[in-house]
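Read off the chains here:
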Amino acid sequence: MKLISNQINPHFNLWDALCAVSKIGGWSKPDFAAELETKNYRLTNTARSALGIIIDVLKLDKDKRIAIPAFICGVVATPFLERGYQIEWIDVDENGLIDPKDFEGKASQVGLVVVPHIFGQPAPLKAISDIAQKHDIFVVEDGAHFLNTEIKDCDAKILSFGREKVISCVSGGALLWPETSRYAAEFKKYELPSTSMMWQIQHALQPLIFALGKYWWQLGGKIIPAIALKIKLLPLAVTKAEKQGREDIKIKAMGNIQKRILKRQWRLWDRRTRQAQGIAQTWKQILPVDTNVSIPQNAFRVILKFKSTQDRTNFIKQYLVSRRWHTRDWDGVPISPQGVKLKAFGYEPGQCRGAEKFAQTYLTLPTNIYCQTKDIKRLEKHA
């Protein structure tokens, strides 16, 4: 029985995985100026590398903090922590998005703010930008969950092409900046070492390792990634050091293998977005009418919000009873993934109550290529 997951290899079926492996032997060095609609970009080995470039170029005073919403993946903070900056954790609203009011109250001690569009929901970027301008704060838009190439109401934009992002080449990122940026010349000349061939091959093989295991996951298929991890062939999305708040992946350029994979995945983007939108509507049809459900424009996920943790637990027991559904990523923690040492990130429990409540009362349902209409219809009898 196949595994359906938000995070475990959601963008690569077996054919996609074989195509990714085929890119190992290619020679092309793709350019992405057309896709990104600008020449002002750098492609990096990870999205957090793009954040590292930004802070290296800006060289903010260490007495200025970095503002990050408290519902976030911890690796967004590690480039700043590694360089000696403190994080100013900003609370979120009922949708898990950065709260402009909380940001405004803390803005006087902030030098840079990261604004993500959580699960594809549009963040209040304009409101954050207006506040930032009053305090000379550098605004970074995080397009990991909502990919577009517009650079508006921000000083720089980062994109992520990681495992479960809108488009994936397993690991990769991009830094974009406006033509008028006073840092444009420094962004362009920032030296990016080449990524090793072994690193590129490991990440190109990752989709195949999981694709071979996912269809027979509960029948022993999980042993395939387990063995690959044991022999250090399978790379980790978040390392043990990063869970401790330390940078563990050096800033490097995106490898040509990953560029070739990304080029193909980008061509599939429109079609797969339409598929995701269709799957999202199927979810909506089987959910109880009183369910608090939100579907972002790009249908990155279907987002459910519950009044309490118990209500969420009851829903999971009623609908997602099969072990084939792996939906509880970021489960219960404001700074993910599970195992992050909050103290190392300068976060104290209770510091951002909105983020903690959201983390304990939300659930996202998959819309990726592994989740098909027939899979959801099997759950309809519980509706």
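Just above sits the structure.
Residues numbered from 1 in each chain as written. Predicted model: local features only at pLDDT ≥ 70, side-chain atom pairs only at ≥ 80, totals over all residues. Heavy atoms only, no water.

Caption draft 1: Representation of the overall build of the chain. Of the regular secondary structure elements, the chain holds 15 helices and 14 strands. Its C-alpha atoms give the chain a radius of gyration of 20 Å, within 12% of the compact-globule value 21 Å for 383 residues. Taken along the three principal axes of its C-alpha coordinates, the chain extends 55 × 50 × 35 Å. Among the 383 residues that make up the chain, the fraction classed as buried is 59%. When contacts within the chain are restricted to residue pairs at least 6 apart in sequence, those whose partners lie at least 24 apart make up 73%. Of the accessible surface of the chain, which amounts to about 16,900 Å², a share of 52% is contributed by carbon and sulfur atoms. Charged side chains in the chain number 56 positive and 38 negative. The centres of these two groups are separated by 9 Å. (Helix = DSSP H or I, 4+ residues; strand = E, 2+ residues; numbered from the N terminus. Rg over C-alpha atoms; globule rule 2.2 N^0.38 Å. Buried < 20%, exposed > 50% of the residue type's maximum accessible area, 1.4 Å probe, protein only. Contact = heavy atoms within 4.5 Å. Areas by Shrake-Rupley, 256 points an atom, 1.4 Å probe, with all protein chains shown as cover. Lys, Arg positive; Asp, Glu negative; His and termini not counted. Charge placed at Lys NZ, Arg CZ, Asp CG, Glu CD.)

Caption draft 2: Looking closely at helix 12 (residues 269-286). With 18 residues, helix 12 extends 26 Å from end C-alpha to end C-alpha; this agrees with the ideal 26 Å at 1.5 Å per step. Looking only at helix 12, the buried set comprises Arg 272, Thr 273, Ala 276, Ile 279, Ala 280, Thr 282, Trp 283 and Ile 286. (Expected span 1.5 Å × (residues − 1).)

Caption draft 3: Examining the pattern of salt bridges more closely. If you walk through the whole model with that rule in mind, you get 14 salt bridges. Here Asp 16 makes a salt bridge to Arg 264, at a shortest N to O gap of 2.8 Å. Of the two residues, Asp 16 is situated in helix 1 (residues 14-22) and Arg 264 in helix 11 (residues 256-267); the sequence distance between them amounts to 248 residues. Per residue, the accessibility class of Asp 16 equals that of Arg 264, and both read buried. Through salt bridges with shared partners, one network takes in Lys 2, Arg 324, Asp 375 and Arg 378. (Salt bridge = Lys/Arg side-chain N within 4 Å of Asp/Glu carboxyl O.)

Caption draft 4: The sheet that holds strand 7 (residues 138-142), seen in detail. If you walk across this open sheet you meet the seven strands as 2-9-8-7-6-3-5, and the pairing is mixed. For this open sheet the edge positions go to strand 2 (41-44) and strand 5 (87-90), each flanked by a neighbour on one side alone. Sheet twist, expressed as the mean angle between neighbouring strand axes with direction ignored, is 20°. Pairing between strand 7 and strand 8 (residues 156-160): three bridges, direction parallel. (Pairing = 2+ DSSP bridges. Axes fitted to C-alpha atoms, helices over the stretch in contact; angles between N-to-C directions.)

Caption draft 5: How the structure looks around the packing of helix 8 (residues 197-214) against helix 9 (residues 223-230). With their axes 7 Å apart at the nearest point, helix 8 and helix 9 run at an angle of 150° to one another. As far as their axial angle goes, helix 9 and helix 8 are roughly antiparallel. Here Ile 209, Phe 210, Leu 212 and Gly 213 of helix 8 come into contact with helix 9, specifically with Ile 224, Pro 225 and Ala 228. Here the residues of the contact of helix 8 with helix 9 sort into six nonpolar, one polar and no charged. (Parallel < 35°, antiparallel > 145°, perpendicular 65-115°, else oblique. Nonpolar A, V, L, I, M, F, W, Y, C, P; charged D, E, K, R; others polar.)

Caption draft 6: Region of the structure containing the environment of Ala 33. With respect to the helices, strands and loops of the structure, Ala 33 is situated in helix 2 (residues 33-36). We classify Ala 33 as buried; its relative accessible area is 19%. Put simply, Ala 33 and Lys 2 are 31 residues apart on the chain and 37 Å apart in space, counted from C-alpha to C-alpha. Apart from the residues within four sequence positions on either side, Ala 33 is in contact with Thr 38, Lys 39 and Tyr 41.

Caption draft 7: Structural detail: the pairing of strand 7. For strand 7, the tally of buried residues reaches five of five residues, placing the bulk of the element in the interior. One crossover worth recording links strand 6 (residues 110-116) to the parallel strand 7 by way of helix 6 (residues 125-134), and it is right-handed. (Right-handed = clockwise from strand over helix to strand, strands pointing away.)

Caption draft 8: The environment of Glu 356, seen in detail. Position of Glu 356 among the secondary structure elements: in helix 14 (residues 353-361). You can call Glu 356 buried: its relative accessible area is 17%. As for Glu 356 and Phe 71, which are separated by 285 residues in sequence, their C-alpha atoms are 7.7 Å apart. The residues contacting Glu 356, other than those within four sequence positions of it, are Pro 334, Tyr 347, Glu 348, Pro 349, Gly 350 and Gln 351.

Caption draft 9: Seen up close, the nonpolar core. Ile 54, Ile 68, Phe 80, Trp 89, Leu 112, Phe 161 and Phe 187 are the most contacted members of the largest nonpolar core, which has 88 residues in total. Here this core takes seven residues from helix 3 (residues 47-58), the largest share from any one element. (Core = buried A, V, L, I, M, F, W, Y, C linked by side-chain atoms within 4.5 Å.)

Caption draft 10: Layout of helix 14. All buried positions along helix 14 are accounted for by Ala 355, Glu 356, Phe 358, Ala 359 and Thr 361. Taken together, the buried residues of helix 14 touch strand 11 (302-305), helix 13 (309-319) and strand 14 (362-365).

Caption draft 11: Representation of unusual backbone geometry in the model. Of note, the amide linkage connecting Ser 336 to Pro 337 takes the cis form, showing an omega dihedral of 0°. Even without glycine at this site, Asp 153 takes up a positive phi of about 60°. For Asp 153, the location among the structural elements is in the loop between strand 7 and strand 8. Even without being glycine, Ala 299 reaches a positive phi, approximately 50°. With respect to the element layout, Ala 299 can be found in the loop between strand 10 (292-294) and strand 11. Relative accessible area serves as the criterion here: at 0%, Ala 299 is assigned to the buried category.

Any link to function would need more than the numbers given here.
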